[in-house]
Structure formats: structure tokens, C-alpha cells
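# Structural features, examined
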Amino acid sequence: MDKISAASAMEWSIQLDKALRSNNPARAVEAILQTGERLELWGEEPEATKAMCSIFGLVPGEDRLFANTILLRLADAFRFGDKKIRLSVVRMFLTNMRCDRGKKDRKRKRRTFLNSRVYNHEELLRRVKIVLDTGDVESRAMALVLFGCWADFAKDSAEIRYLVLSGMVSSDILEVKASLFAASRFCELTDDFASVVLEMLVNMMASPETLAAVRLAGASVFTRMGCSYSVSRRAYKTGVKLVSDSSEENFTIAMLVSLSKLVSKSTSLISEQVFLLAPVHVVGAGPSVDVLLRCVTQENSWQMRVTALRCLHLIFVKEGCCSPVNMDVIKASFSILDEPELPSVMHCGALQILHKILLYTLPGLPSLEKLEFAQLLAILENASKSPIMSKSLAALQILTDMSTKLWARTNSESFAIYSSPLPLQVISLVMAQVRSLVKPSSDPCQTRNRIFQEVKNLLNLILQLVGEHPDLGVTVLGEISSFIKYFANLNENVLASKQIASGEVIDFEGDMCKAFRSKLLSSIHRFVSACLQILNEAGAITTGVFDKVQLLVEHLHHGRIFDYYTRTIYSLLLHSRLVGILIEHPFKQELATLEHACKMLSERDNWHAYKAGVYAASQGAWITATFIFAELLKRVQSDSCYCWLKTLVQFSHSEAKLWLSSLPKQEFFLAGSVSMNELLAFLKDNFGELGQDAAGNDSVPNYRDVLVGACQNACSSIETLERVVISRKAFCFQRWFFSLRTKFLGAIAKILEVLDTSKQGTFSNIIEVHNNALTNVKCLEKFTHLSFRLNRLAKELDLINSSFISMGSESLKVIATLALSCSILAFSAGFPVFFPNLPACKNLRTRDQEDLKQSNLSSMLLQDLLGRLLHIDQEISRDLFLLLESGGCPRKCSHLQSRNRILKSAQEVKDLLNMTRHAVSTVIHLRSETNRIENEAIISQVTKNGIELLSDIIRKWLRIPFQMPKQIFNTRPFIGSELLVFSTDTRNQNQITVLSGSHLSLNLCLQLRNASPEFSLRLTKLYCLLHSRVSFPKLSHGERNNEEMELNCQPWKSEDMIEMNEKLFRYVTECKKKTGSGKRLRDNDTNDEQIANGFVCFEPNAKGQGFSSCVLDVSHFPVGSYRIEWYSCCIDSEGSYWTLLPLNTEPVFTVQQSHVI
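The shown structure was predicted, so the numbers you read here are calculated from the model rather than taken from an experiment. (Residues numbered from 1 in each chain as written. Predicted model: local features only at pLDDT ≥ 70, side-chain atom pairs only at ≥ 80, totals over all residues. Heavy atoms only, no water.)

### Focus on the overall build of the protein chain
Counting its regular elements, the protein chain contains 48 helices and 11 strands. A burial count over the protein chain gives 56% of its 1157 residues as buried. In the protein chain, the share of contacts with a sequence separation of at least 24, taken over all contacts with a separation of at least 6, comes to 77%. Taken as a whole, the protein chain presents about 50200 Å² of accessible surface, with 52% of it coming from carbon and sulfur. (Helix = DSSP H or I, 4+ residues; strand = E, 2+ residues; numbered from the N terminus. Buried < 20%, exposed > 50% of the residue type's maximum accessible area, 1.4 Å probe, protein only. Contact = heavy atoms within 4.5 Å. Areas by Shrake-Rupley, 256 points an atom, 1.4 Å probe, with all protein chains shown as cover.)

Pasting the structure below:
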């Protein structure tokens, strides 16, 4: 358990004291700066509660005592130390103050730390004041700076206020600057002090004796005059008058910056400041403004114009402010962009300001004339062609946003005239810049890293356009195809010209050139994949899109300069589930990919070959993945790498068998090239029946046997992974996912076995089936049992999706899609439960559930499926609602949707939705039909039609390609949690005991592990559920060791994990429905077994650590020792819910016999 700062305070105080007493000044300075870092960390933590004090053995209030001691030691160090010591103390508090100002959300915590954890503010001020009274000029200045750092409480001392004001009129410039700093900090917090300082500043600035350095320091004080609106406005008006009366350029520039920072915090003052900066005279702005209207015009110096532009940038871009006079600022930006001799930094600033205004305020401004709008487009187009990429990118970003956001909100004729060609024009301009970037450079080593980032930024603009206009997909892919052809010809021509000049043989594979081409084309490949994903979500994948992708791949294959890794990953685009459905011969396409993979492996580039295998698996190209991993398996030398690759081979092989079995047999026989025939022979020799199927076996596959074989291979992959020597926790996701996939395939195989049995019985002896309904009842009971298993698998897949926080969006979608498949198949297999008038309906209840409250399987299936489709397909959701209502079930499924928003578009799961639509409509039709049938014939009718439905659904499901989630290849430790439990009885901290008939009071610490500091800072809440039963006795030492080993391998193996996590999820999402105090919940299972549940909420600190207390009602537990299972979760700043897997063992408590006196 990580120590909190309060528990380390005494040690820190002692270390600081020893360092300050040391004869080594460097050690003292180092200790002071280290103490500042520690105080900063301490300030981010909540104050120590009673539970925290009990856990760490602290006396309540001890942390405050040592915080006070540390600060007093620092004050003494400043009082008695030399200049180096004093300077280090000032640096320490300045650093902490600036850190607080940079993190506005933590500013309150720092002030709380200084105000609530320090008993004697007066004593701190007194010790520093002694230095101010007796020290030299530098010491007095440092003392005044300290008062500014302590403004939170120093502002309340009248004596300190007087000293600060007195310092402002000192004859020493250093003391004046320090006083102005302290005064500016006080002005942020008090109105009355700010008013006094403002009057003094006016007199100081007006005095001819005031030095220029003092005037510049005084200008910075205006930035802090924002305690109230009245003070801000008075300070602003005063500042404008000072600028009007001043002829000193440096002072004017400083005041412009300060006033712009001041007004950026007050929207009511913005328009006045814009008038101050804009180059157009505004009627009614006042005589003082007239003098300042020309700040960005050519009459002023370059430095003045740059400053004015920076101020406009601050107001419009950084602070996101809007103004009613933006037309004047637009024209000012035009004037700057029309001056090519100005530095590029001014052009970029003008473009950024123009971008902000056009996006957010132009529709509310007077309409631009057609001539002005044409001028705007001409200026932006000209800027987009600039060789300076920052300027070009800024202009292209404006044009892109005008083509998307702005056009959608504008209906004037002047915009409508130009709206149609503009997106196409932007695409053309972007691709022209991409072409210019990849031209050969005289100094390629220094430019290539920059090129990759700039190409990425440019392509992101096109993705933005495609997202708003999916109909542009064909055009964009055509441009990319043309670019690849251009890039290939460009490189070949350059290399050919070099050959002619030197007479040498062309070397397409120079290391630097090859690396550059490979990295650039990988970026293009990622762009094409992202583009296809956007088109898929929009339902815009058409034959035109497929043709462009196919042409793109052909151009790349024809280019002699491209390596085989690049050819392989581009070829796999055609196997993608996004465009693969349009391929006429998918197996033939995979064999073409295998040809490139063979040549890639012959080059012995094992790392790129592994990456290609990973991508093939993530695209569902299982034969290619199996082939690559199998070849790499022969080359590895490490035992752990061998086991890992063997696992991938076994799993990929099982999925390849499934994919092959789903293809129509007439597609298998190929009279291919010699290389294809060699590959087919290789598949036959190395993969047995898989190669036999590919070679053209005409027999109809037995899907049950194929599924059983796939299950066996998947089980073998898990067993192989278990033999890896490295930490098994690193493969938690892999083994969990493989086991779920195995269970899923096993359930489908079992359904097919039941289907085969029921079909045989129906065909051979249909009269007996009608006369003896018991046979069909047993068949229906098996279906409901398997339906429950599939429903549970769907929930477990939801759990795995919420348990791995670092998982990418693509992996989340793959697993969510698999969960939806489980839910659909569970619904289809559970068809008997939707017919309440069956004679044996009361027997069709699953026997695997121990909770009678969840015994209504029909409600479970409908609510689960409805929760997944509620925001995807309204038509299916409406039909599911009808089934729920007709079954008398309440609509309580909306809570499931909060963590199922991964699938946002119906196009992402189009095939699955078609299956669902067919299944739901069939069930509704059968219900209406069976209502008119006599009881004796119902079972036979339901069985016959249900079997046909289930068989059809499974056949359709087998044709849907399955992809490997990329998270499989992430072997880093996952983010989990550790729970440390302590008894509140401080007399016995070594064990947790409670007297019989009493409640168990616990102090808890929940600690995140393997989490980055950034993620820990995003957390808002931690939650935990403690769960114990009378049937959870303490295990023996040997059994406990075995369980700990198994827990480290499979923390999800708890039988109650799904139910308990669902209960914890409901607790978090339905806080108003908590029972009692919200911390305790007592429940009974179906056997009236007594249990104890406790819900706990934690406030996390910066380390991802939370402390709380809990009371478990174990008064009904008999004497003995019991285990406590626990489940935890967290909520981040975006409101996302994440499950935290446990990383340590379960705590144990003992119920002792009470002694009656």
C-alpha cells in the first residue's frame, strides 16, 4: 500500500530539519526544493479522515501538526538563512503557486491546504516580516514575493497590506517590482485593496520620475484586476487612458497585452478591446479609442502589429471569446494576409483568428458580399499553396471547416453559389500539398520526420470532410489511388535518372529510401482504413468504393519500389469486413494475399512479418494469419515466444476452419497459377483437412464437427499460453477472451447437436412425436439451457469490455459485436420461453440460476437484446418492446445501454441486425399462430418452426466473418486494483475479528495498479462491493495457496462475478435506490442462505488511491472464519464506467464466540 503524504509528514519534517542543520548549503537547498514537491503532492490529496488515520496509525490532527511544523521550518530557514537559502524558499513557493495557477481545478485544493492545515498564519508572517524589517534590499524583495505567494492569508493582515503598499513607492526598483507582484496577487482576492492599488498605479504612471522598468512592471498588475466586474471595468478604463496618453512603445505594448488578458475573462469588455485593436474606425467608440484603432495597420511598427495580433489571438482563439464587431477583425485579417512581405508568424496568427471567427460568429454577422466572399476564398486558396506548412495547414483547416460546419448553418445565396465545388476543391488542394511534400529533397534526413507528421495532419482534414460528406468517399479513394501511382512513378523516375547519371544498377531497396516509403505508405494505409470505417458507419460502402480500393491495391502491386510487407497489408484491405462482402471470390483473394506473404517471409524480415500476421488476424484473414504465424514459429528461439506464436497458430487455425466451412464449395476449386498451386499444396501438407477443404473437397461440411474441432484448437491455445514462463497476469485478457470464444463455439456446437437429434426424431417418427410431447419438451429444455449459457456469455463479454481500460476502440467494437451475436443466438435458442401457453411451459426454466428473481428467462433475453439495440435500430426495438409487454415484463433495460454505446451505427452490424429482424419477426408471427392451435399440437408446431428458425440463424451467423481484437496482441499489464482491509479495532491490526451477533466494522484502502498518472488524475470516483456468505468458509493453507495461484491466472473465475458486477453497476447508476444508509445491503439467495453485502464509495487521490470505511452485517454468521469476495469499479471524468479486476487475494475475517458476563 502506498503511503499518503500525511503518513510521511513526520519523516519529511525530520529530513528537512536535518538538512537545514547541515553544514552543507547545497544539501539544504536541495531539501527545500524537495519539500516543495512534497507539499505540492500533499495539496492534491484530501485531508486525512478517521479511517485513513486508523490505517496508517496516525493520531487525528497529526498531519496538521507536521504540516504546520514544516512550514514554520521553512519560514525559519528564510529568516536565518543566507541568500541562497532564502532564494530557494522563494523559488519553492513560487513554483507551487504557478503550478496552482496552471491547474485551475486544483487551485482550491492548494488554498485549502494552506488555510486548513496551518494553525498559525500570523507566526509565518511574523518570521518573514523580520527579514523585511532588518534585511537588505534583496532580502526585502524576497520577503515581499513570499507575501505574494501567501496572498490567501496574507491579504487579511492590515500590517502586511501596509508594507506592500509602502514598497510600491520605495526608491529601490527591486523592492518596487516585488511589491507590485505582491500587490497583484492581493488584487485578485480583495476589491478594496485593488481600488487603492489602482489609484497608486495611476499616480506612478503619470509621474515623469517613474522609471521605464517600473512602468512595465506596473502594466502587468492590470492583468490581475479581475476580482469583481466593477474593479475590472475601472481598471480597463484606466489602462486605456494610460495607453492613450503614452508615447512610449514598449509601455503601450505591455499595456495592450495586460488589458487583453484582463478582458478575456470578462465578455462584457471584449468588444471595447477589439475596437482598441481593430484597424477600422468605429463610430461612438470614444475619442480615446480613435487613437488606438490603427494598432495593426501599416503605420505602426512591426512589433506593435505583432502584439496587437497576439492580443486578438488571445481573445478569439485561446479564450474562445466572441464579439459583435467581428467584421472589423475579419477585414483586419484580410489586410495582413494581403501583405506577403510580413513574417509568416503574423500570417498564421491572422489565419487562426479568421478561423475562429468564421466558425462561430460569421452566420450572425452582416452577410458578406459575393465579391468579398470570393476575395476570402482567393486569399485562403493562395495561403493554402504556401510552402510554409503551418500557414498552408491553417488555411486548409479554414476551408475544410467552411465545407462542413459553416456551410451546414448558412443559407444565404452567396454561400450557396460556392458550396458545391468547395469540398472537392479542398480535397484537390490537400492532395497537391501531399504531393509536394513527398518530392525528393536535397536534405532528406532532416525533413522526413517532419513530412510524416505533416502528411498525417493533411489527411486528417480529408477524414473530416468524409465524415460530413460520405458521398465524397469514392472521390477521396480515387485521389489516394492516383497518389500511389504518382508516388511509384516519381520514385522510379528518380532512381532511373540516377542510374543513367552514374551507370549503376537501380537499387530500389536502399535502407533509407525503403524505410521512408514503408512508413509513408503505412500512414496512407491507416488513412484508407479510417476512411472505410467512416463510410461503413454512414452506410456508404458501395461497389464504387470497392472498385476504388481494388484499383488502389492494383496500383500498389504494380509499383516495383514497394516492399512485400506493404503489398501484403494493402492486399488485406480487400479482405476487410468493410469491403470484403463485395468480393466475388474471397478465397481467391486470400490466396493472392498469401503470395505476397510468402515473398515477405522469404526476405527474413520477421518483425514486419509478425505485424502483417497481426493485421491479417484483426481483418479476419485467418488463413494468411495461420500461414505467417506458422512460418515464424519455425524461426523463434525463445521458449516464451514459441508458446506465444503457437497459441496464435492454434487459435488462427480454428478460426480458419470455421471460415472455410462457411464458403460455398464451388468457390474452392481454383485453376490458379503455379505459385497458387504451391500454396495449396503447402496448406494440404501442413494443415490437414483445412488444406483439403481449400483444394476443392466437394463434400458438405458437418458444421458441428467443424465447431467441435475449432473448440479443441482454441482450448489447446489456452493450454499453450499457460506454459509461458513470464508473468501470467500479462496474458489475462488473452486467456479470458480465448476461453469465452471457446465457450461460445462450444454452445453453438451443442445447439447443432440438439438440432440434429430433434430433426431425426421429427423425420423418422412424426406420429410418435405428436402423441408423446415429452420428447419435444426435453428438446426444448435443452434449448433454454443453452440459451441461458449464451446470455451469460454475452454479459461476460460486456464485462471483459469494461475491464480493460486501455483497450482500443476497434477491439471494443469487435467484442461488442461478439456480445451482440451471443445475445441474438440466445434469443433464438430460447424461443420456447416466448410461448406461455405451452403445456409444459413451467418446466422450461433454466436450472443454472440460483436466484429466483432472475428465473424469468424470457425477460432476461428480451431486456438484454433490447438494451443492445435500443439506440441502433428503432424498428427491432419496437418489436422487442411488444414482446416484453405481451409477456407482462416491465421495461427495465435502459440501464444496460449506458455501457453499450460502443456500437453506434446500424451499418456496423448490418448482417447481425438482419438476423435479429428475422428472428424477432418470426417469433412474433409464431406467437400469433400458436394462439389458435389446440394444446396437443402446440409443442410439435413450436418445435418444428423454432428448429427451422434456429438452424437458419446459425447458418447466417457462420457466414459473418470474425476478427481478432487487437487487444490480444497487447501483453502489457492491465489496470486493476488492490483492496486492503483493516479492522477498526486498533488493538488487533494483524487479523480481522468480530464477536458473534455483532456487525463487522472495516477500514478500507482501494489502490489502482498499473495505471498511468494521467488516468489516475481523470478518476472521479471509486466503488467497491464486499460480498460474503456463510458458505464462504476460510480455506486451508494449501487450498488457499492453490486459490491464490488460480486467482493470479484467472481473477474472473468467481461464479458470482457477473451477478456481483451487475449489482455493483446498478448501485453506481441507481444511487437513489440504495437501501439503508447506502453502504449496506443484506440479501438471501434461493436457499435462504444468509449473506452480507457492503457497498463503498471512495474519493481517489492523484495516485489512484481511495480510503473509506464499511460496516458488514454479519450478526447472523455462526462462529468461524469466512472469506470476503470483493468487486470494484471506477468512474472517470467523462462519466465512463470501468470494472477493475482484483489483483490481490480475498480478505478473511473470524467470528468469535461472545462472552456473556
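### Thoughts on a positive patch on the surface
Where like charges cluster on the molecular surface, the positive patch consists of Lys 456, Lys 519, Arg 526 and Lys 611. Counting through the fold element by element, Arg 526 comes out in helix α27 (residues 511-537). (Patch = residues over 30% accessible without salt bridge, like charges linked within 9 Å, V, L, I, M, F, W, Y side chains within 5 Å. Salt bridge = Lys/Arg side-chain N within 4 Å of Asp/Glu carboxyl O. Lys, Arg positive; Asp, Glu negative; His and termini not counted. Charge placed at Lys NZ, Arg CZ, Asp CG, Glu CD.)

### Points about unusual backbone geometry
Phi is positive for Arg 604, which is not a glycine, with a value near 65 degrees. Relative to the helices and strands, Arg 604 resides in the loop between α30 (586-602) and α31 (606-619). One non-glycine residue, Asn 1010, lies in positive phi territory at about 65 degrees. Locating Asn 1010 in the fold gives a position in the loop between β3 (1000-1009) and α46 (1013-1018). Assessed through its relative accessible area of 46%, Asn 1010 is described here as partly exposed.

### Points about helix α12 (residues 191-206)
Because an α-helix packs 3.6 residues into every turn, residues spaced three or four apart end up facing the same way. Helix length check: α12, at 16 residues, gives a terminal C-alpha distance of 23 Å against a target of 22 Å (1.5 Å per residue), a fit within 8%. Of the residues making up α12, those classed as buried are Phe 193, Ala 194, Val 197, Leu 198, Met 200, Leu 201, Met 204 and Met 205. At its buried positions, α12 is contacted by α10 (158-167), α11 (173-187), α13 (212-221), α14 (229-245) and α15 (249-263). (Expected span 1.5 Å × (residues − 1).)

### Some words on the pairing of strand β4 (residues 1019-1029)
Among the 11 residues that make up β4, nine are buried, leaving the element largely enclosed by the rest of the structure. When β4 meets strand β9 (residues 1125-1132), the two strands line up antiparallel, connected through eight bridges. Residue His 1027 lies in a different strand from β9, and its bridge partner there is Glu 1125. Bridge count for β4 against strand β6 (residues 1091-1098) is eight bridges, and the pairing is antiparallel. (Pairing = 2+ DSSP bridges.)

### Looking at the environment of Met 304
Position of Met 304 relative to the elements: it lies in helix α18 (residues 302-318). Taking the relative accessible area as the measure of exposure, Met 304 reaches 10% and is therefore buried. Between the C-alpha atoms of Met 304 and Ile 253, which are 51 residues apart in sequence, the distance is 6.4 Å.

### So, the packing of aromatic side chains
Counted by the stated rule, this structure contains 32 aromatic pairs. Note on Phe 744 and Trp 957: the rings are 5.2 Å apart at their centroids and 85 degrees apart in plane angle, and the pair reads as edge-to-face. Separated by 213 residues along the polypeptide, Phe 744 in helix α37 (residues 732-764) and Trp 957 in helix α45 (residues 935-958) bring together distant segments of the chain. The same class applies to Phe 744 as to Trp 957, namely buried. On the numbers, 5.1 Å between centres and 75 degrees between planes, the contact of Phe 1117 with Tyr 1122 is edge-to-face. Across this residue pair, the class does not change: Phe 1117 and Tyr 1122 are buried. Connected via pairs of aromatic rings, a cluster forms that spans Trp 622, Phe 651, Phe 733, Trp 736, Phe 737, Phe 738, Phe 804, Phe 962 and Phe 974. The ring of Phe 78 is capped by Arg 86, whose NZ or CZ atom sits 5.8 Å from the centre of that ring. Lying across the ring of Phe 962, Arg 741 places its NZ or CZ 3.7 Å from the centre. (Phe/Tyr/Trp six-rings, centres within 6.5 Å; stacked < 30°, edge-to-face > 60°. Lys NZ or Arg CZ within 6 Å of the ring centre and 35° of its normal.)

### Digging into the pairing of strand β7 (residues 1105-1112)
For β7, a buried count of six out of eight residues is recorded, marking the element as mostly surrounded by other parts of the structure. Where β3 meets β7, eight bridges bridge the pair, whose relative direction is antiparallel. When the bridges of β7 are listed, Gln 1007 appears paired with Gln 1105.

### Here we look at the packing of helix α7 (residues 121-134) against helix α8 (residues 137-149)
Axes are the key here: two packed helices are described by the angle between their axes and the distance separating the axes. Axis separation between α7 and α8 bottoms out at 8 Å; the angle between their running directions is 150 degrees. Between α7 and α8, the crossing angle belongs to the class labelled roughly antiparallel. Taken as a pair, α7 and α8 cross one another with a handedness that is left-handed. In this structure, α7 contributes Leu 125, Val 128, Lys 129, Val 131 and Leu 132 to the contact, and α8 contributes Ser 139, Arg 140, Ala 143, Leu 144, Leu 146 and Phe 147. (Axes fitted to C-alpha atoms, helices over the stretch in contact; angles between N-to-C directions. Parallel < 35°, antiparallel > 145°, perpendicular 65-115°, else oblique. Left-handed = near helix turned anticlockwise from the far one by under 90°.)

### With respect to the sheet that holds strand β11 (residues 1148-1152)
With respect to topology, three strands assemble into an open sheet ordered β2-β11-β8, the strand pairing being mixed. With partners counted over all chains shown, the strands left at the sheet margins are β2 (992-995) and β8 (1120-1123), one partner each. Neighbour-to-neighbour, the strand axes of this sheet turn through a mean angle of 25 degrees, independent of strand direction. Here β2 pairs with β11 via four bridges, running parallel.

### A closer look at a nonpolar patch on the surface
Taken together, the side chains of Ile 173, Leu 174 and Leu 211 present a nonpolar region at the surface, about 240 Å² in accessible area. In this structure, Leu 211 sits in the loop between α12 and α13.

### So, the confidence of the model for the protein chain
Overall, the prediction assigns the protein chain a mean pLDDT of 79, with 76% of residues at 70 or greater. Here residues 845-854 is a poorly scored stretch, pLDDT under 50, and it has 16 contacts once near neighbours within four places are set aside; other chains count. When the criterion is pLDDT under 50, residues 1075-1088 qualifies, and its contacts beyond four places in sequence or with other chains add up to 33 contacts. (pLDDT = per-residue confidence, 0-100.)

### A look at the pattern of salt bridges
Opposite charge on two side chains permits pairing when their charged atoms draw close. Tallied over the entire structure, the rule returns 39 salt bridges. Across the salt bridge formed by Lys 83 and Glu 138, the nearest N and O atoms sit 3.4 Å from each other. Here Lys 83, found in helix α5 (residues 83-102), pairs with Glu 138, found in helix α8; they are 55 residues apart in sequence, far enough to count as distant. Using a relative accessible area of 41% as the deciding quantity, one classes Lys 83 as partly exposed. Ionic contacts of the salt-bridge type, sharing partners, join the residues Asp 76, Glu 123, Arg 126 and Arg 127 into one network.

### Quick look at the nonpolar core
If you look at the biggest cluster of nonpolar residues, it comprises 222 residues, and the most contacted ones within it are Leu 532, Phe 737, Ile 751, Phe 783, Phe 827, Leu 880 and Phe 969. Among the elements that take part in this core, α37 stands out by supplying 15 residues, more than any other. Beyond its immediate sequence surroundings of up to four residues, Leu 532 is in contact with Leu 477, Ile 541, Val 545, Val 549, Leu 573, Leu 578 and Val 579. Core analysis: the next-biggest nonpolar cluster, separate from the first, contains 94 residues, Ala 9, Met 142, Val 214 and Ala 235 among them. (Core = buried A, V, L, I, M, F, W, Y, C linked by side-chain atoms within 4.5 Å.)

### Brief notes about α10
Ile 160, Arg 161, Leu 163, Val 164, Leu 165 and Gly 167 are the residues of α10 that are buried. Tucked inside the fold, the buried residues of α10 contact α7, α8, α9 (151-154), α11 and α12.

### Focus: the environment of Phe 731
Following the sequence through the fold, Phe 731 ends up in the loop between α36 (703-722) and α37. Judged by its relative accessible area of 5%, Phe 731 falls in the buried class. Considered as a pair, Phe 731 and Ile 968 are 237 residues apart in the sequence and their alpha carbons are 8.6 Å apart.

### Digging into the environment of Asn 96
Along the polypeptide, Asn 96 turns up in helix α5. Using a relative accessible area of 9% as the deciding quantity, one classes Asn 96 as buried. Between the C-alpha atom of Asn 96 and that of Cys 149, which follows or precedes it by 53 residues, the distance is 8.7 Å.

### Thoughts on the packing of α11 against α12
Packing of α11 against α12 leaves a shortest axis separation of 9 Å and a crossing angle of 145 degrees. For the element pair α11 and α12, the recorded crossing hand is left-handed. Contacts between α11 and α12 involve Val 176, Leu 180, Ala 183, Phe 186 and Cys 187 on the former and, on the latter, Phe 193, Ala 194, Val 197, Leu 201 and Met 204. Class assignment of the residues belonging to the contact of α11 with α12 gives a composition of 10 nonpolar, no polar and no charged. (Nonpolar A, V, L, I, M, F, W, Y, C, P; charged D, E, K, R; others polar.)

### Comments concerning the state of the cysteines
If you walk through the whole model with that rule in mind, you get zero disulfides. Cysteine Cys 715 shares no disulfide, and the gap to the nearest cysteine sulfur, in Cys 711, comes to 6.4 Å. (Disulfide = S-S within 2.5 Å.)

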